[in-house]
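Observations on chain architecture
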Amino acid sequence: MAVIDEINEVRTRALADIESAQGTDALDTVRVDVLGKSGALTHYLRSMGSIPAGDRAIVGKTLNSVRDEVETALQHKHDALASAELDQSMAQGAVDITLPGRAQQVGTRHLISGIIDEITDIFRGIGYSVASGTEVETDYYNFEALNTPPDHPARGMQDTFYVVDQTGEHSSVRGESDVLLRTQTSGVQAHTMEDQKPPIYIVAPGKVYRRDVADPSHLPQFNQIEGLVVDKGITFGDLRGTLDYVCKQIFGEDRETRFRPHYFPFTEPSAEVDVSCGICHGKGCRFCKGTGWVEVLGCGMVDPNVFGYADIDPEVYSGFAFGMGAERIACLKYNVPDLRMLLAGDMRFLRQF
Ligand code: DAH
């Protein structure tokens, strides 16, 4: 019967095409060509109606068995091709599980934050509390209430960033006090004495700003730690004992301190404190410029004029104050020759601390 021969031809071609298909995409094309809507076999399945009734049973049986056979062949071939393709893609995108991974770097506290925490903790340990101020401050608190009026020559010691308005004029509070970026944390002293009654034992860490170009010993922005004590009967001996203790805590028990007379507008008398050089231990070397000492902070007895601004009676109370640069102390403690290294973000440097 001619139609049975034709169906068998379709079968032979289909099985050969399935056998030679190179990939699942090619196999899919074969499937559509044979069993799709207008596929070769579908054509016969659809035209059963035009087959003479006597032949229908045998043609139908043949068609069904050919369809089953083609579908089975398609399924087997598909399984084989898909698994080969999977093997191939696994081989191409292979992950070498023996390759050592890239370790994630774990962040730590920065050296500067570390030294600030360390120093405030030392003071906490001897009963001080921690105060804070704002980085944008008024001229009044940064200078005037600290016995430094506008024409005072000490203003030249700290070149100031002023906050200006759109016309370039200095911004001011109620037209009275210029607004600036604080040049020192000493303003926290003035705020604290205004806000609370003695006894006062505080330290105040914070950022300060100066119109300086960064060099090995200057930064335009750095951190200070301010200290203030106001109580009855406070003497220079208390100041000395406290700061000697703190320096030994920071740098080591074997370090000596010395107090040199100095000038600050808000303390009288004033002093600068040196510690014995950590490199040569007082013999004199390049680090301490041959002196055997390195300067670490400024301090003094609170000037009675400063008490006057805060309405504290200098006949009843006395006090001392001090201020130190956190970056400077970090450099001295760890023998870092240049302040800028603290800010460079070089992991090889920072990881050491
Ligand atoms: N404010 C001073 C400065 O920035 C440091 C200082 C010196 C603070 C003496 C003090 C002090 O409280 O008593 O140079």
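What you see is a predicted model, and the numbers here were worked out from it, not measured in a lab. (Residues numbered from 1 in each chain as written. Predicted model: local features only at pLDDT ≥ 70, side-chain atom pairs only at ≥ 80, totals over all residues. Heavy atoms only, no water.)

With that out of the way, let us pick up the overall build of the chain. Counting secondary structure elements, the chain contains 11 helices and 10 strands. In terms of overall dimensions, the chain is more spread out than a globule: its C-alpha atoms have a radius of gyration of 43 Å, far above the 20 Å expected for 353 residues. Dimensions of the chain along its principal axes, counting C-alpha atoms only, are 135 × 55 × 35 Å. Looking at the 353 residues of the chain, the share that counts as buried comes to 42%. Taking the intrachain contacts of the chain between residues at least 6 apart in sequence as the baseline, contacts between residues at least 24 apart amount to 65%. Carbon and sulfur atoms provide 51% of the accessible area of the chain, an area that totals close to 19,600 Å². Between the averaged position of the 33 positive side-chain charges in the chain and that of its 51 negative side-chain charges there is a distance of 5 Å. (Helix = DSSP H or I, 4+ residues; strand = E, 2+ residues; numbered from the N terminus. Rg over C-alpha atoms; globule rule 2.2 N^0.38 Å. Buried < 20%, exposed > 50% of the residue type's maximum accessible area, 1.4 Å probe, protein only. Contact = heavy atoms within 4.5 Å. Areas by Shrake-Rupley, 256 points an atom, 1.4 Å probe, with all protein chains shown as cover. Lys, Arg positive; Asp, Glu negative; His and termini not counted. Charge placed at Lys NZ, Arg CZ, Asp CG, Glu CD.)

Glancing now at the pairing of strand 7 (residues 257–264). Summarising the sheet, strand 7 and strand 8 (residues 267–276) pair through seven bridges and their orientation is antiparallel. Its bridge partner lying in strand 8, Arg258 is registered against Asp274. Between strand 7 and strand 8, which follow one another and run antiparallel, lie two residues. (Pairing = 2+ DSSP bridges.)

The environment of the ligand is made up of 16 residues, and the closest members are Gln184, Gln189, Arg210, Gln224 and Glu226. Note that an oxygen atom of the ligand is positioned 2.8 Å from one of the side-chain N or O atoms of Gln224. At a separation of 3.1 Å, an oxygen atom of the ligand approaches a polar backbone atom of Ala321. Here the ligand, which alone exposes 350 Å², has 91% of that area covered by the protein. When residues of the shell around the ligand are traced back to their parent elements, those giving at least two are strand 6 (221–231), strand 9 (293–302) and strand 10 (318–325). The residue inventory of the shell around the ligand, partitioned by class, reads five nonpolar, nine polar and two charged. (Near = heavy atom within 4 Å. Polar contact = N/O pair within 3.5 Å; in protein donor to acceptor, adjacent residues only side chain to side chain. Nonpolar A, V, L, I, M, F, W, Y, C, P; charged D, E, K, R; others polar.)

Strand order in the open sheet made by the seven strands is 1-5-6-10-9-8-7, with mixed pairing throughout. Edge positions in the sheet fall to strand 1 (129–130) and strand 7, since each has one partner strand and no second. In this structure, strand 6 lies alongside strand 10, joined through eight bridges in antiparallel fashion. Residue pairing across strands places Leu228 opposite Ala321, the latter belonging to strand 10.

Moving on: the domain arrangement of the chain. Domain boundaries in the chain define domain 1 (2–90) and domain 2 (111–350). Between the C-alpha centres of domain 1 and domain 2 there is a distance of 91 Å. (Domains from an automatic or database assignment.)

In a regular helix each residue adds 1.5 Å, so 40 residues correspond to 58 Å; helix 4 (residues 53–92) covers 57 Å between its end C-alpha atoms and thus fits that length. Looking at the buried side of helix 4, the elements it contacts are helix 1 (2–20), helix 2 (24–35) and helix 3 (40–46). (Expected span 1.5 Å × (residues − 1).)

A few words now on the pattern of salt bridges. For the structure on display, the rule yields 12 salt bridges. Residue Arg11 is joined to Glu69 by a salt bridge in which the shortest nitrogen-to-oxygen separation is 2.6 Å. Here Arg11 is found in helix 1, whereas its partner Glu69 is found in helix 4, with 58 residues between them in sequence. For Arg11, a relative accessible area of 26% translates into the label partly exposed. The network of salt bridges with common partners includes Arg258, Arg260, Glu272 and Asp274. (Salt bridge = Lys/Arg side-chain N within 4 Å of Asp/Glu carboxyl O.)

A few words now on the side chain of Lys77. With respect to the helices and strands, the residue Lys77 is situated in helix 4. A distance of 2.9 Å separates a polar atom in the side chain of Lys77 from the backbone oxygen of Glu19. In this structure, Lys77 is in contact with Ile18, Glu19, Ala21 and Leu27, ignoring residues within four places of it in sequence.

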